[in-house]
Amino acid sequence: MPEAAVLIPIVTRHEPTLLFTRRADHLDTHRGQVAFPGGKREEHDRDLLDTALRESEEEIALPRGQVELLGQLSEVVSLHGLKVTPYVGLIPPDLPLTPDPNELDAIFEVPLALFLDDCRSHTDVITVDGRPYYVPSYQAQGQVIWGLSAMMLVELLSEGFGCPVSLDRAPDGGPLRHRPPRRGPRQTSPTTHSRQD
């Protein structure tokens, strides 16, 4: 499978935030979608961490030296067959970040508390190869955070902060929105992963 990597930046404000990007409207794929900075691995990348840091520098002008790496989350396979590896890192506040207009419309931050308190607007029930996944959807800063980015957030919240959130069970409350059933790429579910500790 083609590989990609993203950086999940936690901004070390007094009240910490997560940094997101919004894909430009002129793009052919994923236009207008919210994502973490990152992209596909290139041949010259040393490893997937190098991919995540290079893409973050290209997309939002984040110097790699400003990232304090905390660790790697599990690989997530998109429904389009792209294997994405997320990395979590701390970055200082108020860096002069700039979105690359060829790829992005905006950079924005969302208080980490919104996710820690599980302030989801609803839950998307995405059934892949007969197995349901309960993917939270959040609304913040006029944007919708859902899909693959939300799936990565679930592991960050569960493993990193001990939050009782899971893709494998419905939340205690809130509306459920059932998406049309799907088949995973090459019979692989979107949460098949192999963590490298």
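Look up a bit, the structure's there.
Now for a quick tour of the structure. (Residues numbered from 1 in each chain as written. Predicted model: local features only at pLDDT ≥ 70, side-chain atom pairs only at ≥ 80, totals over all residues. Heavy atoms only, no water.)

Helix and strand counts for the protein come out as three helices and twelve strands. The C-alpha extent of the protein, read off along each of the three principal axes, is 45 × 40 × 40 Å. In the protein, buried positions account for 48% of the 197 residues. Working note: accessible area of the protein is about 9,900 Å², and carbon and sulfur atoms make up 49% of it. Computed over 19 positive and 29 negative side-chain charges, the separation of the two mean positions in the protein equals 7 Å. (Helix = DSSP H or I, 4+ residues; strand = E, 2+ residues; numbered from the N terminus. Buried < 20%, exposed > 50% of the residue type's maximum accessible area, 1.4 Å probe, protein only. Areas by Shrake-Rupley, 256 points an atom, 1.4 Å probe, with all protein chains shown as cover. Lys, Arg positive; Asp, Glu negative; His and termini not counted. Charge placed at Lys NZ, Arg CZ, Asp CG, Glu CD.)

A word on the environment of His-14. Assignment of secondary structure puts His-14 in the loop between β1 (3-11) and β2 (17-23). Among the residues examined, His-14 registers a relative accessible area of 77% and is labelled exposed. Separated by 141 residues in the primary sequence, His-14 and Glu-155 have C-alpha atoms spaced 23 Å apart.

Below, the discussion takes up the pattern of salt bridges. Applying the stated criterion across every chain, the model contains 17 salt bridges. For Glu-55, the salt bridge goes to Arg-54, with nearest N and O atoms at 3.2 Å. Assigned by exposure class, Glu-55 and Arg-54 land together as buried. With a closest N to O distance of 3.2 Å, Arg-179 and Asp-124 form a salt bridge. Note that Arg-179 is positioned in the segment after β12 (176-178) and Asp-124 in strand β9 (residues 122-128), a separation of 55 residues in sequence. (Salt bridge = Lys/Arg side-chain N within 4 Å of Asp/Glu carboxyl O.)

We now examine the side chain of His-122. Considering the arrangement of structural elements, one finds His-122 in strand β9. One polar contact links His-122 to Ser-121, side chain to side chain, over a distance of 3.2 Å. (Polar contact = N/O pair within 3.5 Å; in protein donor to acceptor, adjacent residues only side chain to side chain.)

We now examine unusual backbone geometry. Peptide bonds are, in most cases, trans, and in most cases residues other than glycine have a negative phi. The backbone of Ala-61 shows a phi angle near 60°, a positive value even though the residue is not glycine. Within the secondary structure layout, Ala-61 lies in the loop between α1 (48-60) and β5 (68-72). Positive phi is not limited to glycine here, since Gln-141 has a value of about 55°. Mapped onto the fold, Gln-141 is located in the loop between β10 (131-140) and β11 (143-145). The exposed category is assigned to Gln-141, whose relative accessible area is 53%.

With that settled, consider the sheet that holds β12. An order of β11-β10-β9-β12 is seen for the four strands of this open sheet, with the pairing classed as mixed. With one partner strand each, in any of the chains shown, β11 and β12 form the two edges of the open sheet. Pairwise comparison of adjacent strand axes, ignoring direction, gives a mean angle of 30° for this sheet. Two elements, β9 and β10, share seven bridges in a ladder whose sense is antiparallel. Within β10, the position partnered with His-122 by the bridge is Ser-137. Of the strands in this sheet, β10 and β11 touch helix α3 (residues 147-161), which is tilted by about 95° from β10. (Pairing = 2+ DSSP bridges. Axes fitted to C-alpha atoms, helices over the stretch in contact; angles between N-to-C directions. Contact = heavy atoms within 4.5 Å.)

Before going further, it helps to examine the nonpolar core. Soluble, globular proteins show a tendency: their nonpolar side chains are buried together. Of all hydrophobic cores here, the largest spans 34 residues; its most connected members are Ile-8, Leu-18, Phe-20, Val-110, Phe-115, Ile-145 and Leu-153. Contributions of two or more residues to this core are made by β1, β2, β7 (83-91), β8 (104-111), α2 (112-116), β9, β10 and α3. It is α3 that provides the largest number of residues to this core, a total of seven residues. Not counting chain neighbours up to four residues away, the residues in contact with Ile-8 comprise Leu-18, Phe-36, Leu-73, Pro-86, Tyr-87, Val-88, Gly-89, Met-152 and Leu-156. Listed in part, the 13 residues of the second largest apolar core include Leu-48, Leu-62, Ile-91 and Leu-104. (Core = buried A, V, L, I, M, F, W, Y, C linked by side-chain atoms within 4.5 Å.)

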